[in-house]
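# A structural walkthrough
What follows is the residue order along each chain.
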Amino acid sequence: GSVLNKKKDLAGKTFVVTTGGTREPLDPVRFIGNRSSGKMGYAMAAAARDRGAMVKLISTVELPETAGMEVTRVQTAAEMLASVKNAVKGADALIMAAAVADFRPSAVANEKIKKTSAALDLKLEPTTDILAEIRGKFVRIGFAAETSELIDNAERKLDAKNLDIIVANDVTAPGCGFGSDTNKVTLIFRDGHMEDLPLMSKREVADAILDKTMPLLAPRRS
Ligand code: CTP
Ligand code: CA
């Protein structure tokens, strides 16, 4: 393997990682989704695994190579919430890289919606904010994908969700688009300090985030 695979500094730790965009059904054949590819969360999970962690990956998307991870496939924000609730029992860290829908259709049609009417009004209702809802002693890391006011928006989320780290990601910056294999992020910590990381592969970003997570982990319970 690469030089990245040599240190097993997360041995004995359990990491829960979510990835992909949730899909909220409208009818049996349609859903409301988003452009998240799941690559950043997958890179986080693979990096944690390669550093010796036990990884529970909760994903909405099919992922390349998940040997040595416990993978749970989910579709909706509600399913993701239930899986995360279960997975965080005894975990050392929760990394919410998933793009979770903020709203879902208020009702799901039993039959395929027909095109007979001239217009279709969709009624949406809010989903539960998983990070805001799930508290515990584990380290909690969120991602903020923004198109403007990156740092202000990310700091607000760090505070509102009481996170240890928020990974602020300007999705309009070059090399940072959805589906890209590279990313450029700013890490914002609970104490307010920030670190700008250079543009690099999502795997390198993941390892850099794990380097910063390491010292926040509780000492191993014996
Ligand atoms: N998140 C979550 N549950 C939700 C929505 C978001 O756990 N229902 C998590 C995301 O996985 C991410 C963090 O919260 O780690 C920030 O998500 P983001 O969409 O940027 O922020 P929101 O709080 O949803 O605010 P908004 O979409 O209005 O910017
Ligand atoms: Ca959101």
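Residues numbered from 1 in each chain as written. Chains lettered and ligands numbered in written order. Predicted model: local features only at pLDDT ≥ 70, side-chain atom pairs only at ≥ 80, totals over all residues. Heavy atoms only, no water.

Going by the annotation in an unreviewed UniProt entry, the name recorded for the protein chain is Coenzyme A biosynthesis bifunctional protein CoaBC, with Dehalogenimonas etheniformans given as the source organism.

### Details of the overall build of the protein chain
Along the protein chain, the regular secondary structure elements total five helices and 14 strands. At 18 Å, the protein chain has a C-alpha radius of gyration in line with the 17 Å of a compact globule built from 222 residues. With the C-alpha coordinates of the protein chain rotated into their principal frame, the extents come out at 60 × 35 × 35 Å. For the protein chain, with 222 residues in total, the buried portion stands at 46%. In the protein chain, the proportion of contacts linking residues at least 24 apart, taken out of those at least 6 apart, comes to 62%. By element, 52% of the accessible surface of the protein chain is carried by carbon and sulfur atoms, the whole surface being about 11,600 Å². For the protein chain, the separation between the mean place of its 32 positive charges and that of its 29 negative charges on side chains is 5 Å. (Helix = DSSP H or I, 4+ residues; strand = E, 2+ residues; numbered from the N terminus. Rg over C-alpha atoms; globule rule 2.2 N^0.38 Å. Buried < 20%, exposed > 50% of the residue type's maximum accessible area, 1.4 Å probe, protein only. Contact = heavy atoms within 4.5 Å. Areas by Shrake-Rupley, 256 points an atom, 1.4 Å probe, with all protein chains shown as cover. Lys, Arg positive; Asp, Glu negative; His and termini not counted. Charge placed at Lys NZ, Arg CZ, Asp CG, Glu CD.)

### As for the UniProt feature "binding site: CTP" (unreviewed entry) in the protein chain
Mapped onto this numbering, the UniProt entry annotates "binding site: CTP" (unreviewed entry) at Asp102, Lys112, Phe143, Lys157 and Lys161. For the residues just named, distributed over 60 residues, the greatest C-alpha separation reaches 37.3 Å, placing them at more than one site. Annotated residues from the preceding list that form part of the lining of the largest pocket: these are Asp102, Phe143, Lys157 and Lys161. Along the chain, lysine 112 turns up in the loop between strand E7 (103-105) and strand E8 (124-126). According to the relative accessible area criterion, lysine 112 is partly exposed, its value standing at 45%. If we ignore the near neighbours within four places in the chain, the residues touching lysine 112 are Asp27, Pro28, Val29 and Arg30. Relative to the helices and strands, lysine 161 is located in the loop between helix H4 (150-160) and strand E10 (165-170). (UniProt positions renumbered as here; feature names shortened; annotations may be inferred. 1 Å grid on protein atoms, 1.4 Å probe; cavity = no way out; pocket = protein on both sides within 12 Å on 5 of 7 lines; lining within 4 Å.)

### Notes on the coordination of the calcium ion (ligand 2)
All of the protein donors around the calcium ion (ligand 2) are Asp102 (OD) and Asp102 (OD); their distances to the metal are 2.4 to 2.6 Å. Looking at the element boundaries, aspartate 102 is found in the loop between strand E6 (93-96) and E7. (Donors = N, O, S within 2.8 Å, 3.2 Å for Na, K, Ca; no water.)

### Some remarks on the site of ligand 1
In the neighbourhood of ligand 1, 15 residues make up the surrounding shell, with Met96, Ala98, Ile130, Lys157 and Lys161 lying closest. Note that an oxygen atom of ligand 1 is positioned 2.8 Å from one of the backbone N or O atoms of alanine 98. Aspartate 129 has a polar side-chain atom sitting 3.5 Å from a nitrogen atom of ligand 1. Calculation on ligand 1 without its partners gives an accessible area of 570 Å², and the protein chains cover 76% of this total. For ligand 1, the cavity whose grid points lie within 2 Å of the majority of its atoms is the largest pocket. Taken together, the elements giving at least two residues each to the shell around ligand 1 come down to helix H3 (130-133) and strand E9 (139-146). By residue number, the principal contributor to the shell around ligand 1 is E9, which donates three residues. Residue composition of the shell around ligand 1, grouped by class: eight nonpolar, three polar and four charged. (Near = heavy atom within 4 Å. Polar contact = N/O pair within 3.5 Å; in protein donor to acceptor, adjacent residues only side chain to side chain. Sits in = over half its atoms within 2 Å of the grid points. Nonpolar A, V, L, I, M, F, W, Y, C, P; charged D, E, K, R; others polar.)

### Let's talk about helix H5 (residues 202-213)
Between its first and last C-alpha, H5 extends 16 Å over 12 residues, near the 16 Å set by a 1.5 Å rise per residue. Among the residues making up H5, those that are buried are Lys202, Val205, Ala206, Asp207, Ala208, Ile209, Leu210 and Thr213. (Expected span 1.5 Å × (residues − 1).)

### A few points about the environment of leucine 210
Its place among the elements puts leucine 210 in helix H5. In contact with leucine 210, not counting residues within four places along its chain, are Leu10, Phe15, Met44, Ala47, Ala48, Arg51 and Ile95.

### Here's the deal with the nonpolar core
The nonpolar side chains of soluble globular proteins are, as a tendency, buried together. If you look at the biggest cluster of nonpolar residues, it comprises 36 residues, and the most contacted ones within it are Phe15, Met44 and Phe143. At the level of secondary structure, the elements contributing two or more residues to this core comprise strand E1 (14-19), helix H1 (39-50), strand E4 (54-59), E6, E9, E10, strand E12 (185-189) and H5. Here this core takes eight residues from H1, the largest share from any one element. With near-sequence residues (within four places) excluded, phenylalanine 143 lies in contact with Met40, Met44, Ile95, Met96, Ala97, Ile166, Val167 and Ile209. Counting 24 residues, the second largest nonpolar core, distinct from the first, contains Met96, Ile130, Leu158 and Ala168. (Core = buried A, V, L, I, M, F, W, Y, C linked by side-chain atoms within 4.5 Å.)

### Things to note about the pairing of E1
Of all six residues making up E1, six are buried, and the element is well covered by its neighbours. Judged by which residues are buried, E1 turns out to be covered on both faces: Thr14, Val16 and Thr18 on one side and Phe15, Val17 and Thr19 on the other are all buried. Note: E1 against E6, four bridges, orientation parallel. Across the sheet, the residue bridging to threonine 18 is methionine 96, located in E6. (Pairing = 2+ DSSP bridges.)

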